[in-house]
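Fold and contact review
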Amino acid sequence: TCPDQHIYVALDCHNMADLSSGCDFCGVKLCFDARELRIERHRKNAALQTLYAQPGCALLRPLSYVTLTVVLHEDNLSLTLSGVNIVSSLAVTRTRGAA
């Protein structure tokens, strides 16, 4: 958990895809005390889903600054933390055949 040293960035992804497969929100969670980065998906009437987790992230240190760049293109998310590419082309929607 990240009681005091965390940042949560919520991204509205609702209009990225059609209503049958698009997610409502994606979130990037930066936990400085636990040194963990997570990308999560929040859908209406569904449980939170972790799309990506990076425990032990050396760039996240308590009482330090980072720069975060998140690029959403179509149904994919790319994330750079302090100039280091962490995630590239992560799918943020369900596959077409999923229920």
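Only a predicted model underlies this, so the values are computations on that prediction, with no experimental measurement involved. (Residues numbered from 1 in each chain as written. Predicted model: local features only at pLDDT ≥ 70, side-chain atom pairs only at ≥ 80, totals over all residues. Heavy atoms only, no water.)

Okay, the pairing of strand β5 (residues 68–73) next. Along any regular strand the residues' side chains alternate between the sheet's two faces. For β5 and strand β6 (residues 76–81), the ladder comprises 6 bridges, and the chain directions are antiparallel. Across the sheet, the residue bridging to Leu72 is Leu77, located in β6. Taking the residues that link successive antiparallel strands as the turn, the β5-β6 hairpin has 2 residues, and the phi of Glu74 there is positive, at about 55 degrees. (Pairing = 2+ DSSP bridges. Helix = DSSP H or I, 4+ residues; strand = E, 2+ residues; numbered from the N terminus.)

Moving on, we come to the sheet that holds β6. One open sheet holds the 3 strands; their spatial order is β5-β6-β7, and the pairing between them is antiparallel. Edge positions in the open sheet fall to β5 and β7 (84–91), since each of these has one partner strand only. Averaged over all pairs of adjacent strands, the angle between their axes in this sheet comes to 10 degrees, without regard to strand direction. (Axes fitted to C-alpha atoms, helices over the stretch in contact; angles between N-to-C directions.)

Taking strand neighbours across the sheet as the criterion, the 4 strands line up as β1-β2-β3-β4 in an open arrangement whose pairing is antiparallel. Every other strand in the sheet has two partners, leaving β1 (6–12) and β4 (49–54) as the edge strands with one partner each. Looking at each pair of strands side by side, their axes are set apart by 15 degrees on average, direction ignored. Taken together, the 5 bridges between strand β3 (residues 36–42) and β4 define a ladder with antiparallel strand orientation. Bridge assignment links Leu37 to a residue of β4, and that residue is Gln54.

Let's shift gears to the pairing of β6. Burial along β6 is one-sided: the face carrying Leu77, Leu79 and Leu81 is buried and the face carrying Asn76, Ser78 and Thr80 is not. Across 5 bridges, the pairing between β6 and β7 is antiparallel. Note on β7: the bridge partner recorded for Leu77 is Leu90. Where β6 folds back onto β7 in an antiparallel hairpin, the turn is made up of 2 residues, including Ser82, whose phi is positive at roughly 50 degrees. (Buried < 20%, exposed > 50% of the residue type's maximum accessible area, 1.4 Å probe, protein only.)

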